[in-house]
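# Tertiary structure, described
Listed here are the chains, written in short residue letters.
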Amino acid sequence: MAETHSTSTGIENNKSQSEASHDTSSSATGHEELVHEHTLFAEPIFELGPLTVTNSLLTSWIAVCIILVIGLAFRAQLRAVPKKLQNIVEMVMEKFLEIFDAVTGSRKQSIKLAPFVMSFFVLILINNWLGLIPGVGSIGQVVMHDGHKTFIPFLRGGTADLNTTLALASIAVVASHIFGVVAVGAWTYLNKFINIKAIAEIPKKFLKDPTIIIVNPIKAFVGLIEIIGEVAKVASLSFRLFGNIFAGEVLLASMAAIIAFAVPIPFMFLEIIVGLIQALIFAILVLIYVSISTTAEEH
Amino acid sequence: MDSLISTFHLDGKLLIAQMVNFAIVFLVLYFFVFKPLFKVTGDRSLTIEKSLKEAKEIEARLEKTKAEQKEMIKQAKMDAAVVLEEANRQAEERKLELVAKAKEEIGDLINREKAKIQADKSEALREIRAEVAEMIKLSWEKIMHEKMDKTTDEKILSKVIKQME
């Protein structure tokens, strides 16, 4: 059976490529060739009630299980005098808190936000690295799709699916607003976006400072722009992570398709670092959004 | 928007499933890792702080005790010197006293002996005198062959004795 490794990102594009290679390879054997493509979306594996379980969701579940096991193991061996795992976790946490301090400005605030921010970091990191393990993306089943035998892997990096990254980004942005409302109060927080205060104080302060009639409507308008900014936050967070991880998987597959041995190894290390950096970037951006929204805007 | 959903196969149920995943991860990390970890590290910091403070206190106390010890030794040495001085002085006094007493006793003894000798001497003299008088009397009687009367006798005797002295 002939196998074609096509690493195109688009379905349409992929079809034309696989057909082109089909002509050359299957003309000799006469067999239907196997389409091995990297799709932009996660493929469904099975149905679980109303939920269509995709391969990336499956990987995410594995990641959650790993975190659950490590979490329980950590809790079980937690001592006042640290050993092994606790030492490593404490050391890593200390470094993270130092980075967080630079953003929040106080250790107390860093410790308060650390569980939330670190949850993003850990989940994304495990998901990113799971996608790099040999077997993820290369062990799967062959199904008939549009008249082609299509290879569908059982597992796919959890963050190589926009559903995952979009869910995480939405949680981050929504939670940052909740934190904001809790920290500065609903009325103050609302005025960050729909600046009723700025409009309302025009008649009061007009005599003292006439320029207020120009400045405060601008302030109100800036508030409206902030709303668009919130949507942009979700988009940038989710697409940055998805794009980096998906591109990494495509890159590795391409390298493996060109020369199967030795050559992909440096790229593997590169992707390990990319996975770490993307998780870190996501977490730090979440921290920045949360700490911006929890501080009252100063004028 | 529709093309976005179809290209990336966005699915509300999948989004919710991933959010649930995150919620599980958050709860696990919060309750099993961060909450206990921060408590343990916080407690440890407090313990270390306390220990350091106590160590400092102990050191200060030790320093104080050492100083006190030194002071006590110095005081004891001074006291010992005073006592020694006193003892020396008393010994000296006692010695002088004893010497004086001994001298006195010796003086007494000598005086007593002197007196005794004196007494013995006068006794002996008296006896000698009596003896001599007796002898003279006898000799006189023998020479005179007769006895004079008592008064004359006595008179002559005492005259003789007076001359002999």
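Before reading on, note that the structure itself is shown above.
Please read all numbers here as calculations on a predicted model, not as lab measurements.

## Considering the overall build of chain A
Looking only at helices and strands, chain A has 10 helices and 6 strands in total. Out of the 299 residues in chain A, the part that is buried amounts to 45%. Sequence-distant contacts, at least 24 apart, represent 65% of the contacts inside chain A between residues at least 6 apart. Here chain A displays about 15,100 Å² of accessible surface, and carbon together with sulfur accounts for 72% of that area.

## Topic: the overall build of chain B
Helices and strands together make up the secondary structure of chain B, namely 3 helices and 0 strands. Taken from the N to the C terminus, the helices and strands of chain B come in the order α-α-α. Expected size for 165 residues packed as a compact globule is a radius of gyration near 15 Å; at 64 Å, chain B overshoots this value by more than 25%. Reported as C-alpha extents along the three principal axes, the dimensions of chain B are approximately 200 × 20 × 20 Å.

## Focus on the pattern of salt bridges
In this structure the tally under the stated criterion is 11 salt bridges over all chains. Taking the shortest distance from any N to any O, the salt bridge between Glu90(A) and Arg44(B) comes out at 2.7 Å. Of the two residues, Glu90(A) sits in helix H3 (residues 84-104) while Arg44(B) sits in helix H2 (residues 12-144), which places them in two different chains. You can call Glu90(A) buried: its relative accessible area is 14%.

## As for the packing of aromatic side chains
Under the defined criterion, the tally for this structure stands at 16 aromatic pairs over all chains. A ring pair is formed by Phe120(A) and Phe282(A), whose centres lie 5.5 Å apart and whose planes are at 35°; its orientation type is tilted. With Phe120(A) in helix H4 (residues 107-130) and Phe282(A) in helix H10 (residues 264-294), this residue pair connects regions lying 162 residues apart in the sequence. With a relative accessible area of 0%, Phe120(A) lands in the buried category. When its relative accessible area of 2% is taken as the criterion, Phe282(A) is described as buried. Three or more aromatic residues link up through ring pairs in this structure, and these residues are Phe116(A), Phe120(A), Phe179(A), Phe282(A), Phe22(B), Phe26(B), Tyr30(B) and Phe31(B). The aromatic ring of Tyr289(A) is capped on one face by Lys233(A), whose charged end is 4.4 Å from the ring centroid.

## Overview of the interface of chain B and chain A
Residue-level contacts link 30 residues of chain B with 47 residues of chain A. Buried surface at the junction of chain B and chain A, both sides included, amounts to about 3,400 Å², of which 80% is carbon and sulfur. In terms of surface lost to chain A, no three residues of chain B exceed Phe8(B), Gln18(B) and Phe22(B), which account for 20% of the buried area on that side. Between chain B and chain A we count 1 salt bridge in total. At the boundary of chain B and chain A, one finds 7 residue pairs in polar contact (both at pLDDT 80 or more). A total of 24 residues in the side of chain B that touches chain A trace back to one element, the largest contributor, which is H2(B).

## Thoughts on H2(B)
Residues and elements named next belong to chain B. Compared with the 198 Å implied by 1.5 Å per residue over 133 residues, the 190 Å span of H2 between its first and last C-alpha is a close match. Along H2, the sharpest change in direction is near 45° and occurs at Tyr30. N-cap assignment for H2: the residue whose side-chain oxygen lies 3.0 Å from the backbone N of Lys13 is Asp11.

## Brief notes about unusual backbone geometry
The phi dihedral of Lys84(A) is positive, around 25°, even though this residue is not glycine. Position of Lys84(A) relative to the elements: it lies in helix H3. Taking relative accessible area as the criterion, Lys84(A) reaches 70% and is therefore assigned exposed. Even without glycine at this site, His9(B) takes up a positive phi of about 50°. Mapped onto the fold, His9(B) is located in the loop between helix H1 (2-8) and H2.

## Examining the pairing of strand S5 (residues 140-145) of chain A
All names here are of chain A. One ladder, built from 6 bridges, connects S5 with strand S6 (residues 148-153); its direction is antiparallel. Residue pairing for S6: Gly140 is matched across the bridge by Pro153. With antiparallel pairing between neighbouring strands as the criterion, S5 and S6 make up a hairpin whose turn holds 2 residues, including Asp146 at a positive phi of roughly 55°.

## A few points about the nonpolar core
Counting residues in hydrophobic clusters, the biggest one holds 59 residues, and the most contacted among them are Met93(A), Phe100(A), Phe120(A) and Phe282(A). Those elements giving two or more residues to this core turn out to be helix H2 (55-76), H3, H4, helix H5 (162-184), helix H9 (212-258) and H10 of chain A together with H2 of chain B. At 11 residues, the largest contribution of residues to this core is made by H4(A). When residues no more than four places from it in sequence are discounted, the contact partners of Phe120(A) are Leu168(A), Ile171(A), Ala172(A), Phe282(A), Val286(A) and Phe22(B). Ranked by size, the runner-up nonpolar core spans 6 residues in total, among them Leu51(A), Leu57(A), Leu58(A) and Ala17(B).

## As for the side chain of Asn195(A)
All names here are of chain A. You can see Asn195 is positioned in the loop between helix H6 (186-193) and helix H7 (196-200). According to the relative accessible area criterion, Asn195 is buried, its value standing at 11%. If we ignore the near neighbours within four places in the chain, the residues touching Asn195 are Lys219 and Ala220.

## So, the pairing of strand S3 (residues 44-48) of chain A
All names here are of chain A. Strand direction decides the pairing type here: S3 and strand S4 (residues 51-54), joined by 4 bridges, are antiparallel. Bridging from a neighbouring strand, Phe46 pairs with Val53 of S4. In textbook terms, the turn of a hairpin is the stretch between consecutive antiparallel strands, and for S3 and S4 this stretch comprises 2 residues, one of which, Gly49, has a positive phi near 65°.

## Digging into the packing of H3(A) against H10(A)
Residue and element names in this part refer to chain A. For the pair H3 and H10, interaxial distance at closest approach is 10 Å and the crossing angle is 35°. H3 and H10 meet at a crossing whose hand is right-handed. Residues Phe96, Ile99, Phe100, Val103 and Thr104 of H3 form the contact with H10, whose participating residues are Leu280, Ile284, Leu287, Ile288 and Ser291. Residues that form the contact of H3 with H10 fall into these classes: 8 nonpolar, 2 polar and no charged.

Calculation rules
- Residues numbered from 1 in each chain as written.
- Chains lettered and ligands numbered in written order.
- Predicted model: local features only at pLDDT ≥ 70, side-chain atom pairs only at ≥ 80, totals over all residues.
- Heavy atoms only, no water.
- Helix = DSSP H or I, 4+ residues; strand = E, 2+ residues; numbered from the N terminus.
- Buried < 20%, exposed > 50% of the residue type's maximum accessible area, 1.4 Å probe, protein only.
- Contact = heavy atoms within 4.5 Å.
- Areas by Shrake-Rupley, 256 points an atom, 1.4 Å probe, with all protein chains shown as cover.
- Rg over C-alpha atoms; globule rule 2.2 N^0.38 Å.
- Salt bridge = Lys/Arg side-chain N within 4 Å of Asp/Glu carboxyl O.
- Phe/Tyr/Trp six-rings, centres within 6.5 Å; stacked < 30°, edge-to-face > 60°.
- Lys NZ or Arg CZ within 6 Å of the ring centre and 35° of its normal.
- Buried area = accessible area lost by both parts, 1.4 Å probe.
- Polar contact = N/O pair within 3.5 Å; in protein donor to acceptor, adjacent residues only side chain to side chain.
- Expected span 1.5 Å × (residues − 1).
- Bend = angle between axes of the 7 residues up to and from the residue.
- Pairing = 2+ DSSP bridges.
- Core = buried A, V, L, I, M, F, W, Y, C linked by side-chain atoms within 4.5 Å.
- Axes fitted to C-alpha atoms, helices over the stretch in contact; angles between N-to-C directions.
- Left-handed = near helix turned anticlockwise from the far one by under 90°.
- Nonpolar A, V, L, I, M, F, W, Y, C, P; charged D, E, K, R; others polar.

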